Amino acid sequence: MLEIINISKNYGGIHAIKNLSLRIKRRKLTAIIGPNGAGKTTLINIISRLVKEDSGDLKLNNFSIKKMNVRQIAKLGISRTFQKIYLFQDLTLKDHLNLCFNSSLLSSFFFGNSRYFEKENKKIKKILAITGMGGSLNKKVSELSYGQQKLIDFSMALLMPHKLIMLDEPVSGINPKLRKKMAKILRQLIKEGESILMVEHDMDFVSKIADEVIVLHQGELITQGNPNKVLSNRRVIDIYLGD
């Protein structure tokens, strides 16, 4: 569904991405791995148009998205999370979920329980059922743990209309119990037909849930394929041991 074609990106002479070509499959969980500086986050920033490539092209369902901006990409159906959580500490989980819709936050305060938000409330209930965050709906972000804040960020990405969800290190810094929960959620979403592209450093997590693994090193593709095969690749092992 997503095709990266000969993408390159330099920063002051440093090659973050070097002539990279990839295909991301529909209804699969694809994990991008690689040591620090491999170009993983740069790649998803390029896909979401936060960063512009120096050369190459990107296609979503055979349609070039190279000339699109961030807003257009979001409307087209690419939703994402970030390594760093950007949330409003004094707002509640409900406030953040309401922000995912076209209506303003002010309107949500006035009409949040009205018929105008019936469809939105149904969507929110579905996401809360998936993430198990219903009990925290009226809690301020500042009252929640780091892992719970990660789930808010993830819930917001799910609520946005999307064809593809991109997750940047979804289990970084969270406890083992929540990692297991996240793994279960992601596998459920894939069964329901979602397409997910994930950047992650936790190899154990990746090996258990990914359908396909892409390995980057110094901006270049090392290998791509089945998790067991990729993670047992001698060059991949050497790269991680070397890092």
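Per chain, residue numbering runs from 1 following the sequence as it is written. Local features in a predicted model are, by the rule used here, given only for residues with pLDDT of at least 70; side-chain atom pairs are given and counted only at 80 or more, and totals for whole chains, interfaces and linings are based on all residues. Excluding hydrogens and water, the side-chain values take into account all heavy atoms of the structure.

Enquirer: Mind showing me how you'd approach the overall build of the protein chain here?
Expert: Looking only at helices and strands, one finds 10 helices and 10 strands in the protein chain. For the protein chain, the C-alpha radius of gyration of 18 Å lies close to 18 Å, the compact-globule estimate for 243 residues. With the C-alpha coordinates of the protein chain rotated into their principal frame, the extents come out at 55 × 40 × 35 Å. Each accessible area is a Shrake-Rupley result for a 1.4 Å probe, and residues are judged covered by the shown protein chains and nothing else. Taken as a whole, the protein chain presents about 12500 Å² of accessible surface, with 50% of it coming from carbon and sulfur. In this description a helix means any DSSP run of H or I spanning at least four residues, a strand means any run of E spanning at least two, and both kinds are numbered starting from the N terminus. Note that the radius of gyration is over C-alpha atoms, with the globule rule given as 2.2 Å times the number of residues to the power 0.38.

Enquirer: Would you take a moment to explain empty space enclosed by the protein for this structure?
Expert: It is the rolling of a water-molecule-sized probe over the atoms that shows where space remains empty. Both site types are read off a 1 Å grid over the protein atoms alone. A 1.4 Å probe that fits but cannot get out defines a cavity, while an open set with protein on both sides within 12 Å along at least five of seven lines defines a pocket; lining residues have an atom within 4 Å of a point. Grid points are joined across faces, edges and corners, and a volume is the space filled by probe spheres set on the points. Evaluated as defined, the whole model comprises 1 cavity of 30 Å³ or more. Its volume calculated, the largest cavity comes out at about 70 Å³. As for the largest cavity, its lining consists of T81, F82, K150, D153, F154, L167, D168, E169, P170 and M182. Sorting the residues of the lining of the largest cavity by element identifies helix 6 (146-159) and strand 7 (164-168) as the ones contributing at least two each. Ranked by residue count, the leading element in the lining of the largest cavity is helix 6, at 3 residues. Gly is put with the polar residues, along with every residue not named as nonpolar or charged; the nonpolar set is Ala, Val, Leu, Ile, Met, Phe, Trp, Tyr, Cys and Pro, and the charged set is Asp, Glu, Lys and Arg. Of the residues contributing to the lining of the largest cavity, the split by class is 5 nonpolar, 1 polar and 4 charged.

Enquirer: Would you explain the layout of surface pockets in this entry?
Expert: Approximately 930 Å³ is the volume found for the largest pocket. Around the largest pocket sit 26 residues that line it, and A74, I78, S79, C100 and M160 are the ones nearest its centre. Every element with two or more residues in the lining of the largest pocket is listed here: helix 2 (70-76), strand 6 (78-80), helix 5 (118-131) and helix 6. Counting residues per element, the lining of the largest pocket draws most heavily on helix 2, which supplies 5 residues.

Enquirer: Just to check I follow, could you spell out the environment of L159 for this structure?
Expert: Here L159 shows up in helix 6. Beyond its immediate stretch of four places on either side in the chain, L159 contacts L97, C100, F101, K123, I124 and I127. Note on contacts: a residue pair qualifies if any of its non-hydrogen atoms lie within 4.5 Å across the two residues.

Enquirer: Would you take a moment to explain the sheet that holds strand 4 (residues 55-60) for this structure?
Expert: Within a sheet, neighbouring strands are paired by backbone hydrogen bonds and run either parallel or antiparallel to one another. For two strands to count as paired, DSSP must find a minimum of two bridges between them. Taking strand neighbours across the sheet as the criterion, the 4 strands line up as 2-1-4-5 in an open arrangement whose pairing is antiparallel. Edge positions in the sheet fall to strand 2 (14-24) and strand 5 (63-64), since each has one partner strand and no second. Judged from the 7 bridges that link them, strand 1 (residues 2-11) and strand 2 form a sheet pairing that is antiparallel. Residue pairing in the sheet places E3 in a bridge with R23 of strand 2. Those strands touched by helix 1 (residues 40-47) are strand 1, strand 2 and strand 4, and its axis lies near 115° from that of strand 1. Every angle, taken between N-to-C directions, lies between 0 and 180 degrees, and every axis is a line fitted to C-alpha atoms, over only the stretch in contact when it is a helix.

Enquirer: Could you clarify how one ought to interpret the side chain of E3 in this entry?
Expert: Within the fold, E3 resides in strand 1. Side-chain atoms alone can form a polar contact between residues adjacent in sequence; in general such a contact is a pair of N or O atoms within 3.5 Å, and within protein one must be able to donate a hydrogen while the other accepts it. One polar contact links E3 to R23, side chain to side chain, over a distance of 3.1 Å. Every residue in contact with E3, bar those within four places of it in the chain, is listed here: L22, R23, D57, L58 and K59.

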